[in-house]
Amino acid sequence: MKRNRLRALRWMAMVFAFVLVGAACGTSTDTAGEGETTTATAAESVTTTTAAAAATTATTVGATATTMAPEPQRLLVWNKDETDTFQELIRLFREDNPGVEIELVDRSFENYDTAVALALTSDNPPDVLQQSFAYKSMGAFVKAGEVMPLDAYADQYDWWTRLGTGAASLSFSADGLDYGVGNLYGVHMQGEVVGIYYNKAKLAELGIDPPSTMSEFEAALAAARDGGLLPINLAGATAWTLGQMYHVIQGTIVPAVDTLAWVYGQEGASFDTPGQIEAAQYIADWQEAGYFSDDALGFDYPTSLGTYGGGEGVFMFQGSWANGALSADLGDDLGFFALANDDGEILSVTSTVGASWGIGARTASPDLAAKFIDFVSGPVAAELMAQAGNLVAFQEFTTTKPEPGSSQASTWSVWNNAVANGVQVNFLGQAGTDVGSIQGGGLQEVFAGLKTPAEWAAEMQTSQTEFQVEYRG
């Protein structure tokens, strides 16, 4: 047993090193994908409140017993970047389930993965925890035996229905080696979709209609430049924002099945292909054409978000997580769309789940933990998120719907169309621990003319290959 624990600790130490390197390189949330759904703060807090359930019986998933002691009525919950919505969910859960102590541990996005990994191997591991990014956290935790499979609870609470096709991105084989298959290890409610925001007033000033295809979009970029407007507002100093731009372009060239095969590490899948190189070439060409500000690599994400909301720029490549801030500034002038190729096809849309909730393998209260997760990913949570302007993945739960014609409605529409057409793909950073940093950092070099798209694509493939070799031992 001690030997197994030492093995787990050695593995988790390796994970921490990967995480720290990724943080230093500016890894993407998958970036914003998960990582950038909220603006990180340096604050850390621990609060204790009461909330929870009537007495339940401790049941290990898949196990049987004739006599079971009551579960302890206490949960230690780890979450990242606590929001007003989450605080309200805790309050409502407490009202419905008096008598249980819930201790909340909140960490900022930047240090969360490292901190929760350490907590899982400590003497006081979390009962419930948020997990992110495939191999980066969830896969490592499954491999180390620190989180439990949720299939039995998914049957009990019908989580399969609310997860839909998103269940694959939250699944691993029991040994943690194979992603996208096997057991369920996470549950979520918030969705994330990447596309292009546009300023309706700026387009009207130029006398052009909102574009939808690549040719139309490039014509709009040229018109904006020639009309004295900034075509694309880019936070180039924040590497993952270039990753979001790439995700959108990639969706016009590379079929979803090819991207998913590579992210999931399937045999024979490669990133070093003509399609991926072509997608990166667009970024180099647009830089050469003058579609960005001369100092685009000097602006970080918060600065860029503020300037675009202030009317600087016609287009911005970004995810649904930015909608709340941008719509607060631009109101009805803000639009959002997914880019199609010149045949009118959208081959893929980077649209996946936000951070998911999992259960620690050493919890003494698995049933209570599952009840908590069901609540914070269920109808009440969906309603609060919709009211806050977020993208709800399982929209059947909500009576609050976006205002027709709003940018929020457009993010929901792009998500729904991607689900209906089976073209959802994961963030590329989910393919390996350091792939996100290679993606964003490498695209910065492509943007600056320091690296060719072909060299970048080869580095992406090498990074994923090396990760898989080490990860599989």
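Residues numbered from 1 in each chain as written. Predicted model: local features only at pLDDT ≥ 70, side-chain atom pairs only at ≥ 80, totals over all residues. Heavy atoms only, no water.

### Some words on the overall build of the chain
Within the chain, the regular secondary structure consists of 18 helices and 12 strands. Sequence separation of 24 or more characterises 79% of the internal contacts of the chain that already satisfy a separation of 6 or more. (Helix = DSSP H or I, 4+ residues; strand = E, 2+ residues; numbered from the N terminus. Contact = heavy atoms within 4.5 Å.)

### Overview of the packing of helix H9 (residues 239-250) against helix H17 (residues 435-447)
Remark: H9 packs on H17, axes separated minimally by 7 Å, with the N-to-C direction vectors making an angle of 85°. The pairing of H9 with H17 is recorded here as roughly perpendicular in orientation. From H9, Ala239, Leu242, Gly243, Tyr246 and His247 reach across to H17, where they touch Gln439, Gly440, Gly441, Leu443, Gln444 and Phe447. Across the contact of H9 with H17, the residue classes break down as five nonpolar, six polar and no charged. (Axes fitted to C-alpha atoms, helices over the stretch in contact; angles between N-to-C directions. Parallel < 35°, antiparallel > 145°, perpendicular 65-115°, else oblique. Nonpolar A, V, L, I, M, F, W, Y, C, P; charged D, E, K, R; others polar.)

### Focus: the pattern of salt bridges
Tallying each qualifying case throughout the model produces nine salt bridges. Across the pair Arg362 and Glu146 runs a salt bridge, and its minimum N-O distance is 3.8 Å. Taken together, the residues span a long stretch of sequence, with Arg362 in the loop between strand E11 (356-359) and helix H14 (366-376) and Glu146 in the loop between helix H4 (138-143) and helix H5 (151-157) at a distance of 216 residues. Asp226 is the salt-bridge partner of Arg225, the closest N and O atoms lying 3.0 Å from each other. Using a relative accessible area of 34% as the deciding quantity, one classes Arg225 as partly exposed. Classification of Asp226 as exposed rests on a relative accessible area of 59%. Ionic contacts of the salt-bridge type, sharing partners, join the residues Glu88, Arg91 and Glu95 into one network. (Salt bridge = Lys/Arg side-chain N within 4 Å of Asp/Glu carboxyl O. Buried < 20%, exposed > 50% of the residue type's maximum accessible area, 1.4 Å probe, protein only.)

### What about the confidence of the model for the chain?
Mean pLDDT for the chain: 86, with 85% of residues reaching 70 or above. The model gives residues 1-66 a pLDDT under 50, and that stretch makes 170 contacts with residues more than four places away or in other chains. (pLDDT = per-residue confidence, 0-100.)

### As for helix H13 (residues 323-330)
Asn323, Leu326 and Leu330 are the residues of H13 that are buried. Burial along H13 is one-sided: seen end-on, the buried residues are contained in an arc of 75°. In the core, the buried residues of H13 are packed alongside strand E7 (191-199), helix H12 (301-309), strand E8 (315-319), strand E9 (334-337) and helix H16 (407-421). Once H13 finishes, Gly331 follows within two positions and takes phi at roughly 60°, a positive value. (Arc of directions from axis to C-beta.)

### Points about the nonpolar core
Of all hydrophobic cores here, the largest spans 134 residues; its most connected members are Trp286, Phe315 and Phe372. Tallying contributions element by element places H14 first for this core, with seven residues. Sequence-distant contacts of Trp286, that is, excluding residues within four places in its chain, are made with Met214, Phe217, Glu218, Leu221, Ile232, Met245, Ile249, Tyr291, Phe292 and Phe317. (Core = buried A, V, L, I, M, F, W, Y, C linked by side-chain atoms within 4.5 Å.)

### Thoughts on the packing of helix H11 (residues 274-289) against helix H18 (residues 453-472)
Running from N to C, H11 and H18 point in directions that differ by 130°, and their axes come no closer than 8 Å. Relative to H18, the element H11 is oriented oblique. Considering the relative orientation of H11 and H18, their crossing is right-handed. Residues Gln276, Ile277, Ala280 and Gln281 of H11 pack against Pro453, Ala454, Trp456 and Ala457 of H18. In the contact of H11 with H18, the residues fall into six nonpolar, two polar and no charged. (Left-handed = near helix turned anticlockwise from the far one by under 90°.)

### Describing H11
For H11, built from 16 residues, the straight-helix expectation of 22 Å at 1.5 Å per residue is met to within 8% by its first-to-last C-alpha distance of 22 Å. Within the sequence span of H11, burial applies to Gly275, Gln276, Ala279, Ala280, Tyr282, Ile283, Ala284 and Trp286. Just downstream of H11 lies Gly290, where phi reads positive at about 85°. (Expected span 1.5 Å × (residues − 1).)

### Comments concerning the packing of aromatic side chains
Under the defined criterion, the tally for this structure stands at 30 aromatic pairs. Between Trp262 and Phe271, the aromatic rings sit 4.8 Å apart at their centres with planes inclined by 45°, giving tilted as the arrangement. Comparing Trp262 with Phe271 shows no difference in burial state: the two are buried. When the ring of Phe394 is compared with that of Phe397, the centres are 4.8 Å apart and the planes differ by 85°; the resulting orientation is edge-to-face. Judged by its relative accessible area of 22%, Phe397 is partly exposed. Taken together, the ring pairs in this structure connect Tyr198, Phe217, Tyr282, Trp286, Phe315, Phe317 and Phe337 into an aromatic cluster. (Phe/Tyr/Trp six-rings, centres within 6.5 Å; stacked < 30°, edge-to-face > 60°.)

### Re unusual backbone geometry
Unusually for a residue other than glycine, Asp158 sits at a positive phi of about 55°. Topologically, Asp158 is positioned in the loop between H5 and helix H6 (159-163).

### Thoughts on a negative patch on the surface
Together, Asp209, Glu216, Asp342, Asp343 and Glu345 line one region of the surface with negative charge. Note that Asp209 resides in the loop between helix H7 (200-206) and helix H8 (214-226). Accessibility expressed as a relative area gives 67% for Asp209, which makes it exposed. (Patch = residues over 30% accessible without salt bridge, like charges linked within 9 Å, V, L, I, M, F, W, Y side chains within 5 Å. Areas by Shrake-Rupley, 256 points an atom, 1.4 Å probe, with all protein chains shown as cover. Lys, Arg positive; Asp, Glu negative; His and termini not counted. Charge placed at Lys NZ, Arg CZ, Asp CG, Glu CD.)

### Some thoughts on the pairing of E11
Neither face of E11 is open: one carries Ser356 and Gly358, the other Trp357 and Ile359, and all of them are buried. Summarising the sheet, strand E4 (residues 128-131) and E11 pair through four bridges and their orientation is antiparallel. Within E11, the position partnered with Leu129 by the bridge is Gly358. (Pairing = 2+ DSSP bridges.)

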